[in-house]
Amino acid sequence: MKKILAFALAALMLFALSACGKKETKTLTLATSADFPPYEYVDDNGQYAGIDIEVAGKIAEKLGMKLKVENMEFNAVVTSVSSGKYDIGMAGLTVDEERKQSVNFTDPYATAIQVVIVKENSEIKSVDDLYKEGASYKAGVQLSTTGDIYFSDDIKEGKTTCTVQEFKSGADAVAALVTDKIDCVIIDNEPAKSFVKANQGLKILETEYAVESYAICLSKNNPELLEQVNKALNELIADGTVKGIVDKYIPAE
């Protein structure tokens, strides 16, 4: 009986030592809005894919962490990260003064162009047409995107007499354009290409609406994580990993 008890005690001690020695992999939570291809979307297998998803995955690897993606509406990404609910936010996020009041940003990792989608027979021939005296076009935007912020601000400042209508997603805005509920959609160039390809009779204006940089947002209450993520991001930029991911989704034309 003594031998049995001694054996059981030894086994228990070995198990306890083993459990103590085993490090639990920490999780890096990513807040995103997976309706913005090629930066983030749900693929045919129901998996999250895109530039931001892969870059976030590589950052998590460098930090020795496991990435967990949390999908939500775009306008909830910054607020959920600001509150500390999620660690980082990536959703084609532009660094602007309004967002910088509630979150910190890493260095930029991509440059994007905002464009305008119209119907092929549209009277809108260039971005300037939206700013002509007496213009009364209705522009569609995804809620809380830079297209929304920029155009809404221009309306408030009297730079344009056009109106704006906000939608939960870029796809909803494009659907409204197809059914003549709005006159144009202001959106990032890459998803714009996908929407035009999927909807016959649409085109992208040649003139750019705005040029912007994308970065990762983090809570202001976690400067240590900001430093770690920024360091990992810059290493991935320096060794060509980020460029490789971007080139995979946005081939040179």
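Let me sum up the structure you'll find in this document. This structure is a prediction, so every number in the text was calculated from the model and none was measured.

## Description of the pattern of salt bridges
When charged atoms on two side chains of opposite charge get close, those side chains can pair.
For step 1, the next point in the chain: The final tally for this structure, using the stated rule, is 13 salt bridges.
For step 2, the next point in the chain: The closest approach of N and O atoms between Lys62 and Glu235, which form a salt bridge, is 3.1 Å. Residue Lys62 is found in helix H2 (residues 51-62), and its partner Glu235 is found in helix H8 (residues 223-238); the two are separated by 173 residues along the sequence.
For step 3, the next point in the chain: Given a relative accessible area of 31%, Glu235 falls into the partly exposed group.
For step 4, the next point in the chain: One salt bridge in this structure joins Lys100 and Glu97, with 3.5 Å as the shortest N-O distance. Note that Lys100 and Glu97 are positioned in helix H4 (residues 97-100) at a spacing of three residues, about one turn of the helix.
For step 5, the next point in the chain: Each of Lys62, Lys231 and Glu235 takes part in a single network of salt bridges with overlapping partners.

## Examining empty space enclosed by the protein
For step 1, the next point in the chain: For the structure shown, the criterion picks out one cavity of 30 Å³ or more.
For step 2, the next point in the chain: Approximately 100 Å³ is the volume attributed to the largest cavity.
For step 3, the next point in the chain: Surrounding the largest cavity, 16 residues form its lining, Phe36, Gly92, Gln114, Thr145 and Thr146 being those nearest its centre.
For step 4, the next point in the chain: Elements with a contribution of two residues or more to the lining of the largest cavity: helix H5 (146-156), strand S11 (184-188) and strand S13 (210-214).
For step 5, the next point in the chain: The dominant element in the lining of the largest cavity, judged by the number of residues it contributes, is S11, at three residues.
For step 6, the next point in the chain: Here the lining of the largest cavity is composed, by residue class, of six nonpolar, seven polar and three charged.

## Here we look at the packing of aromatic side chains
Two aromatic rings, taken as a pair, are described by how far apart their centres are and by the angle between their planes.
For step 1, the next point in the chain: Taken as a whole, this structure holds five aromatic pairs when the rule is applied.
For step 2, the next point in the chain: Ring plane angle 80 degrees and centroid distance 5.1 Å describe the contact between Tyr39 and Tyr214, whose orientation is recorded as edge-to-face. Of this pair, Tyr39 sits in the loop between strand S2 (35-36) and strand S3 (40-42) while Tyr214 sits in strand S13; the two residues are 175 residues apart in sequence, bridging distant segments of the chain. Tyr214 shares its class with Tyr39; the two are buried.
For step 3, the next point in the chain: Taken together, the aromatic side chains of Phe36, Tyr39 and Tyr214 make up a single cluster linked through ring pairs.

## Here we look at the pairing of strand S9 (residues 138-142)
On a regular strand, each side chain points to the face opposite its neighbour's, so the side chains alternate between the two faces of the sheet.
For step 1, the next point in the chain: Burial analysis of S9 places four of its five residues in the buried class, the great majority of the element.
For step 2, the next point in the chain: Across five bridges, the pairing between S9 and strand S10 (residues 163-167) is parallel. Note that in S10 the partner of Gln142 across the bridge is Phe167.
For step 3, the next point in the chain: Between the parallel elements S9 and S10, the chain passes through H5 in a crossover that is right-handed.
For step 4, the next point in the chain: Strand direction decides the pairing type here: S9 and S11, joined by two bridges, are parallel. When the sheet's bridge partners are listed, Gly140 is paired in S11 with Val185.

Thresholds applied
- Residues numbered from 1 in each chain as written.
- Predicted model: local features only at pLDDT ≥ 70, side-chain atom pairs only at ≥ 80, totals over all residues.
- Heavy atoms only, no water.
- Salt bridge = Lys/Arg side-chain N within 4 Å of Asp/Glu carboxyl O.
- Helix = DSSP H or I, 4+ residues; strand = E, 2+ residues; numbered from the N terminus.
- Buried < 20%, exposed > 50% of the residue type's maximum accessible area, 1.4 Å probe, protein only.
- 1 Å grid on protein atoms, 1.4 Å probe; cavity = no way out; pocket = protein on both sides within 12 Å on 5 of 7 lines; lining within 4 Å.
- Points joined across faces, edges and corners; volume = space filled by probe spheres on them.
- Nonpolar A, V, L, I, M, F, W, Y, C, P; charged D, E, K, R; others polar.
- Phe/Tyr/Trp six-rings, centres within 6.5 Å; stacked < 30°, edge-to-face > 60°.
- Pairing = 2+ DSSP bridges.
- Right-handed = clockwise from strand over helix to strand, strands pointing away.

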